[in-house]
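Listed below are the residues making up each chain.
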Amino acid sequence: GEEVVAEQSLAADRPGLVTLENFASRLSPGENRLQVASTATEPVAFGVEVRFHAPEPANDATLPLALETRLDADTVELEKRLKLRVEVTNRDTVAREYVTAEIGLPAGLEPSVDQLDALRAQSQIDHYETRTRTIIPYWRRLEAAEVRRVEFDLKAVAPGQFTGPASNVFQLNEPQRRNWAAPLKVEVKQPQPPAKP
């Protein structure tokens, strides 16, 4: 059935903005329809902007790229390092070009720029960028059925329990089509003081 989620009166000579904050509880899983109606006798111009967040968005079943990410430990001591293993797979029977991954990092972990430069020099990645909590490796080309495995060294820089944004893989020429990997989680612990004799 239909449900009214908001009503607002606007003066004819003063257009206004109708904002629906936090109406997600009124949505159900799957497709939802939003209808805008007016009682005005004249046509009313309107626009709709919807913003949402999903911890792990839905995959694009037509994209033949897959991404797996995992940390080699769930906990790490402050100032210590751990490895992030990333696997990008071209499941297609033809090569794919300009493959890009956005690897979401939990807060409290930082990549090593020196190691990223070394991975590029060793041709494990063709290029990279970093953004806050994100490593973005690029590959110019992945051959049919090719699997690329890369290990990144991360340093624990802040204590706490952290969950990163979901990671994804896509082609630069079709950024709207993505496949996702679950968010990485880690606990960064303060080092234990040495036991007193």
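For the structure itself, consult the block above.
These notes cover the structure that comes with them.

About the cut-offs
- Residues numbered from 1 in each chain as written.
- Predicted model: local features only at pLDDT ≥ 70, side-chain atom pairs only at ≥ 80, totals over all residues.
- Heavy atoms only, no water.
- Pairing = 2+ DSSP bridges.
- Helix = DSSP H or I, 4+ residues; strand = E, 2+ residues; numbered from the N terminus.
- Axes fitted to C-alpha atoms, helices over the stretch in contact; angles between N-to-C directions.
- Contact = heavy atoms within 4.5 Å.
- Buried < 20%, exposed > 50% of the residue type's maximum accessible area, 1.4 Å probe, protein only.
- Salt bridge = Lys/Arg side-chain N within 4 Å of Asp/Glu carboxyl O.

1. A look at the sheet that holds strand β3 (residues 81-90)
Moving on, step 1. Taken together, the 4 strands give an open sheet; going across it, the order is β1-β3-β8-β5, and neighbouring strands pair in antiparallel fashion. One side of each edge strand has no neighbouring strand; the edge strands of this open sheet are β1 (65-71) and β5 (109-111). Going from strand to strand, the sheet's axes swing by 30° on average, the running direction of each strand aside.
Moving on, step 2. In this structure, β5 lies alongside strand β8 (residues 147-156), joined through 3 bridges in antiparallel fashion. Across the sheet, residue Glu-110 finds its bridge partner in β8, namely Lys-155.
Moving on, step 3. Across the face of the sheet, helix α1 (residues 113-121) comes into contact with β5 and β8 while running at roughly 165° to β8.

2. Focus: the pairing of β8
Moving on, step 1. By the alternation rule, side chains of β8 split into Arg-148, Val-150, Phe-152, Leu-154 and Ala-156, which are all buried, and Val-147, Arg-149, Glu-151, Asp-153 and Lys-155, of which none is buried.
Moving on, step 2. Where β3 lies against β8, 9 bridges are found, and the strand directions are antiparallel. When the bridges of β8 are listed, Leu-82 appears paired with Leu-154.

3. Things to note about the pattern of salt bridges
Moving on, step 1. For the structure on display, the rule yields 15 salt bridges.
Moving on, step 2. Of the charged contacts, one joins Asp-153 and Lys-83 as a salt bridge, the two residues approaching to 2.6 Å between their closest N and O atoms. A residue pair is termed long-range when its members are at least 10 positions apart, and Asp-153 in strand β8 and Lys-83 in strand β3 qualify at 70 residues.
Moving on, step 3. Residue Lys-83 is classed as partly exposed on the basis of its relative accessible area, which comes to 27%.

4. Side note on the sheet that holds strand β12 (residues 185-189)
In any sheet, the strands associate via hydrogen bonds between backbone groups, in a parallel or an antiparallel arrangement.
Moving on, step 1. The strand order across the open sheet built from 3 strands is β2-β12-β9, with neighbouring strands paired in mixed fashion. Both outer strands of the open sheet, β2 (75-77) and β9 (160-163), are each paired with one neighbouring strand and no more. Here the average twist between neighbouring strands, direction ignored, is 25°.
Moving on, step 2. Where β2 lies against β12, 3 bridges are found, and the strand directions are parallel. Considered in β12, the bridge of Glu-77 is made with Lys-189.

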